[in-house]
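These are the residues of each chain, in order.
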Amino acid sequence: SQQGEEDPQALSIQEGENATMNCSYKTSINNLQWYRQNSGRGLVHLILIRSNEREKHSGRLRVTLDTSKKSSSLLITASRAADTASYFCATDANYGQNFVFGPGTRLSVLP
Amino acid sequence: DVKVTQSSRYLVKRTGEKVFLECVQDMDHENMFWYRQDPGLGLRLIYFSYDVKMKEKGDIPEGYSVSREKKERFSLILESASTNQTSMYLCASMRGGTGELFFGEGSRLTVL
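Read on for a plain summary of the structure. Just so you know, these numbers come straight off a predicted model, no measurement behind them.

## Points about the state of the cysteines
Under the counting rule described, the total for this entry stands at two disulfides over all chains. Here A:Cys23 is linked by a disulfide to A:Cys89, with a sulfur-sulfur distance of 2.0 Å. The disulfide joining A:Cys23 to A:Cys89 has a torsion of about 65° about its S-S bond and is therefore right-handed. With a gap of 66 residues between them, A:Cys23 in strand E3 (residues 19-24) and A:Cys89 in strand E9 (residues 85-92) connect regions that are remote in the sequence. As far as the burial class goes, A:Cys23 and A:Cys89 line up, both buried. The residue that forms a disulfide with B:Cys23 is B:Cys91, at a sulfur-sulfur distance of 1.9 Å. Here B:Cys23 and B:Cys91 share a disulfide; its torsion about the S-S bond, -75°, makes the bridge left-handed. You can see B:Cys23 sitting in strand E3 (residues 19-25) and its partner B:Cys91 sitting in strand E9 (residues 87-94), a full 68 residues away along the chain.

Structure, rendered in structure tokens:
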């Protein structure tokens, strides 16, 4: 029943460049969230976008949602070495009863 | 500062042993979750609970049970550990309806 699928699986960029990650899902959702995970640690919530929203910003993060294509993208602008982490999208189809996570995108930002 | 605390960061157990993983949150959240995380598979939901003494099966409940006797504590139990349960286990909590999950640091279990 895996919903979210991130793309690419791994991404390597230079510091200062922008990083874009995509997420596709299969069924209707109430909201979509992005999380970040540093190696060997728990996940940290980044941003939530509701199904009736198309774009949301938070600091250097920009998230878009296209419900007609069942896809979302996460853009990190002016990346830093500290942004190196895995990024996961999570879809919520049942008002918080069951989030479904994708396998993640592993981002490496090289100094 | 909000906090979800998992009792053990690293555990090594033998096949057949009973394993308890405990999770405590200090945010008075109604909802709590147990996930396991394996490379290439992302996070998979084992069980969740939306109230004290309530539990719901997730996608992969086989081989696991849970207990929620108090609102702040959600325990994951492996009755008889097997090698295919070697994994990272993540606990999370959420205030009802908000949608934001707060995660613990994870418990890495190795079953020999």
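Next comes the rest of the account.
## Considerations on the pairing of strand E4 (residues 31-38) of chain B
All names here are of chain B. For E4, a buried count of eight out of eight residues is recorded, marking the element as mostly surrounded by other parts of the structure. Residue alternation in E4 divides its side chains into two sets, Asn31, Phe33, Tyr35 and Gln37 and Met32, Trp34, Arg36 and Asp38, and both sets are buried. When E4 meets E9, the two strands line up antiparallel, connected through seven bridges. Bridge assignment links arginine 36 to a residue of E9, and that residue is tyrosine 89. Counted between consecutive antiparallel strands, the loop separating E4 from strand E5 (residues 42-49) contains three residues, among which glycine 40 sits at a positive phi close to 80°.

Cut-offs applied
Residues numbered from 1 in each chain as written. Chains lettered and ligands numbered in written order. Predicted model: local features only at pLDDT ≥ 70, side-chain atom pairs only at ≥ 80, totals over all residues. Heavy atoms only, no water. Disulfide = S-S within 2.5 Å. Helix = DSSP H or I, 4+ residues; strand = E, 2+ residues; numbered from the N terminus. Buried < 20%, exposed > 50% of the residue type's maximum accessible area, 1.4 Å probe, protein only. Pairing = 2+ DSSP bridges.

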